[in-house]
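Remarks on the overall topology
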Amino acid sequence: MWPVVRRTLLTILGVQIVLALSLTLVDSWRRRGKKPQPFTTLPPQDVKIGDGTVTTYTFGQDLYDDMLAAIADARQMVLFETYIWKGDEMGERFKQALTEAADRGVEVYAIYDAFANIVVDPRFKVFSRVLRVLKYPVYNAGWRFFDLRRYGRDHRKVLVVDDDVAFVGGYNIGTPYATEWRDTHVRITGPAVWDLKRSFADFWNDHRDGRRPLLLETTDAEWEPRIRLHRNLPRQWMFPIRAMYLEAINRARRNIWMTHAYFIPDQDFVDALIAAARRGVDVKILVPRTSNHVVADWISRGYFGQLLDAGVRIHRFEGAMVHAKTATIDGKWSTVGTANIDRLSMQGNYEINVEFIDPGMAEVMEDIFRTDLEQCSTLAPRDWNARGVHRRFTEAVLNPLRHLL
């Protein structure tokens, strides 16, 4: 009996792997030589919240210009953390800016994820001795291979300069992201900067080795109740971002507008969206028509039927990759961050999302969502139900993988 069960399970797994690899290869072949289409964005928009200001970016070049300017103006400390740091022209600009800041006496700390940059030229990953660089390792469990808390990737994107300004959001560092990807990032001033500074210091201190200095956080924090920072911390088995979303969705009365690069929710998350739609909430989900991970696209479709049947509207961004991780609800609540709605972000990786309880910020996020809708096609229930047999077969075969991704 057991040999039969084992062969059956291995066959199913083999089919899934072969299908996933085939889809990836075909998608790579189709993308050869293709350039993303232009898309409409809004200029950076400022919202005053308490003693600080939140600036929202939807175009990478605008964001990079302001990030590089902030590094150039640094007087005491720069804290830089990214998931992907490409060794291209834009990556070199950031590397040079950080080095120049350190050369003039600024304390510069940098963190990047080794796995995410495994294909980056090793020569780019050689840094000046004036920089304090932490490469989050590909394998971080050591002899504790059984400890799932040590397998999360560092998916965060953070820049903090002095005690004055902080940046956080979906943008990685690289030339394509400057003009070819639609993403969302925020620049924050005021008391909330301390929270992002502390989050960097905590990560650095938890993962540094004896050769790197302890990063001490001495700044006194002021409370800004309208801006809250939520951090997923695999090492401590803490994942508050999912709970943040579910609480906001369950409170919704007017609208839930969400934009996500990779939308692979768990069933409880889907049920919360369905319940909101059935009580009359306008629920809209905006995802890429074709993302940079074709397997994730196929897996995400596993919940489309349930959502469409409940009245949730699904909009697919055409012609370019939308990489944002944002939501806005009821004209009062918004979030911008690094976490996707998938298993890896919700219960696996190190992530940061900023929660804003402010009508001015919600208005900005609604404007951005409406602008993105101009480049979207809407998935009609009739079209979804009429999809071909081969699509249904592919979705069914890959469906079990959504519990892993």
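Scope of this entry: the structure provided in the associated data block. Going along each chain's sequence as written, the residues are numbered from 1 onward. For this predicted model, a pLDDT threshold of at least 70 governs which residues receive local features, and a threshold of 80 or more governs which side-chain atom pairs are given and counted, while totals over whole chains, interfaces and linings are taken from all residues. Hydrogens and waters are ignored; side-chain quantities use all the structure's heavy atoms.

1. What about helix H2 (residues 60-72)?
- Counted at 1.5 Å a residue, the expected span for H2 with its 13 residues is 18 Å, and the 18 Å between its end C-alpha atoms agrees.
- In this scheme, a residue with accessible area under 20% of its type's maximum is buried, one over 50% is exposed, and one in between is partly exposed, where area comes from a 1.4 Å probe on protein chains only. Only runs of H or I of at least four residues qualify as helices and only runs of E of at least two qualify as strands under DSSP, and these elements are numbered from the N terminus. Within the span of H2, buried status applies to Gly60, Leu63, Tyr64, Met67, Leu68, Ala70 and Ile71. Looking straight down H2, one finds its buried side chains confined to an arc of 155 degrees; they lie on one side. A helix is expected to reach a length of 1.5 Å times the quantity of its residues less one. Here the arc refers to the set of directions running from the helix axis out to each C-beta atom.

2. Considering the sheet that holds strand E18 (residues 376-379)
- Between any two strands, pairing holds if DSSP finds at least two bridges. A sheet is described by the order of its strands in space; here eight strands give the open sequence E10-E17-E16-E15-E11-E12-E13-E18, paired in mixed fashion. Among the strands making up the open sheet, the edge pair consists of strand E10 (227-232) and E18. With strand direction ignored, the average angle separating the axes of adjacent strands in the sheet is 15 degrees.
- Sheet topology places strand E12 (residues 282-288) next to strand E13 (residues 313-317); five bridges connect them, and they run parallel. Within E13, the position partnered with Lys284 by the bridge is Arg313. Note on geometry: axes are C-alpha line fits, over the in-contact stretch for helices, and angles between N-to-C directions span 0 to 180 degrees.

3. Thoughts on the sheet that holds strand E5 (residues 132-136)
- Taken together, the eight strands give an open sheet; going across it, the order is E1-E2-E9-E7-E6-E3-E4-E5, and neighbouring strands pair in mixed fashion. The open sheet has two edge strands, strand E1 (45-49) and E5, and neither has a second partner. Within this sheet the neighbouring strands show an average axis-to-axis angle of 15 degrees, counted without direction.
- Looking at chain direction, E1 and strand E2 (residues 52-57) are connected through five bridges and run antiparallel. Pairing of Lys48 across the sheet is with Thr53, part of E2.
- A contact between two residues is defined here by any heavy atoms of the two lying within 4.5 Å. On the sheet, helix H5 (residues 192-207) packs against strand E3 (77-82), strand E4 (107-113), E5, strand E6 (158-161), strand E7 (165-169) and strand E9 (185-189) and is oriented at approximately 70 degrees with respect to E4.
- On top of the sheet, helix H11 (residues 359-373) reaches E1, E2 and E9; it is set at about 160 degrees to E1, its chief contact.

4. Regarding the side chain of Asp113
- Mapped onto the elements of the fold, Asp113 is located in strand E4.
- A relative accessible area of 0% means that Asp113 is categorised as buried.
- Within 3.5 Å is the distance limit for a polar contact, defined as a pair of N or O atoms, with the added protein rule that one can donate a hydrogen and the other accept it, and that residues adjacent in sequence qualify only through two side-chain atoms. In terms of polar contacts, Asp113 uses its side chain to reach the backbone amide nitrogen of Asp154, at 2.9 Å.
- In contact with Asp113, other than residues within four places in its own chain, are Thr82, Tyr83, Tyr136, Arg153 and Asp154.

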